[in-house]
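Observations on chain architecture
Take a look at the letters that make up each chain.
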Amino acid sequence: MQIDLKDPAQFTKNRVRELIASHEDGRHWQLRVTRQGIAYISDVVGNVHCDGLAFWFESWTGTGYVGPQAADDDEWVNSIHDALDWNWPMPTSRYIDNY
C-alpha cells in the first residue's frame with residue numbers, strides 16, 4: 001500500500017492508519033516518501049537506496065510501529081500523519097526523526 005501525498009483524497013489520517021496496519025509488526029521498517037510524493041513503508045531501512053526519495057523516517061526497529069495494534073493508536077497515527085504533512089512537499093530534512 002502507498003499514499004499519494006499530492007492527492008487530498010488519499011492523504012488522510014484514515015489512509016495513514018491503513019498504511020500502518022498493512023504491515024506485520026516485529027520486523028524492521030522505514031516510512032519513505034519519493035520525490036513524486038508517494039509515501040510507503042519499506043523493508044529497506046537505514047540510509048541506503050535513498051536515490052529518488054524526498055525524505056525518509058528513522059528506522060522502526062522493534063514492535064509497536066506497524067500492524068493492527070499500532071494502527072489503533074490514534075496518537076501514533078496522528079503523529080505520523082502530521083509529520084508527513086509538515087515535511088511534504090518541503091522537508092525539514094531528508095532524514096526525519098522528530099515526530
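Okay, so let's go over this structure. In this text the structure is predicted, and so the values were computed from the model without any measurement.

Turning our eyes to something else, we now look at the side chain of Thr34. With respect to the helices and strands, the residue Thr34 is situated in strand S2 (residues 28–34). According to the relative accessible area criterion, Thr34 is buried, its value standing at 15%.

Attention shifts here to the packing of aromatic side chains. For the structure shown, the criterion picks out six aromatic pairs. Residues Phe57 and Tyr99 carry aromatic rings whose centres are separated by 4.9 Å and whose planes lie at 50° to one another, so their mutual orientation is tilted. Taken as a pair, Phe57 in strand S4 (residues 53–57) and Tyr99 in the segment after strand S6 (95–96) lie far apart in primary sequence, 42 residues in all. What links up through ring pairs into an aromatic cluster is the set Phe55, Phe57, Trp60, Tyr65, Trp76 and Tyr99.

Reading the values: rules and limits
Per chain, residue numbering runs from 1 following the sequence as it is written. Totals for whole chains, interfaces and linings use every residue, but because this is a predicted model, local features are given only for residues with pLDDT of at least 70 and side-chain atom pairs only at 80 or more, for both listing and counting. The basis for every side-chain value is the complete set of heavy atoms in the structure, and neither hydrogens nor water enter the calculation. Numbering of helices and strands runs from the N terminus, with a helix taken as a DSSP run of H or I at least four residues long and a strand as a DSSP run of E at least two residues long. Exposed residues in this analysis have more than 50% of their type's maximum accessible area, buried residues have under 20%, and partly exposed residues fall in between, with area computed by a 1.4 Å probe over protein chains only. Ring geometry is summarised as follows: Phe, Tyr and Trp rings, the Trp one being its six-membered ring, pair when their centres sit within 6.5 Å, and such pairs are stacked at plane angles under 30 degrees, edge-to-face over 60 and tilted between the two.

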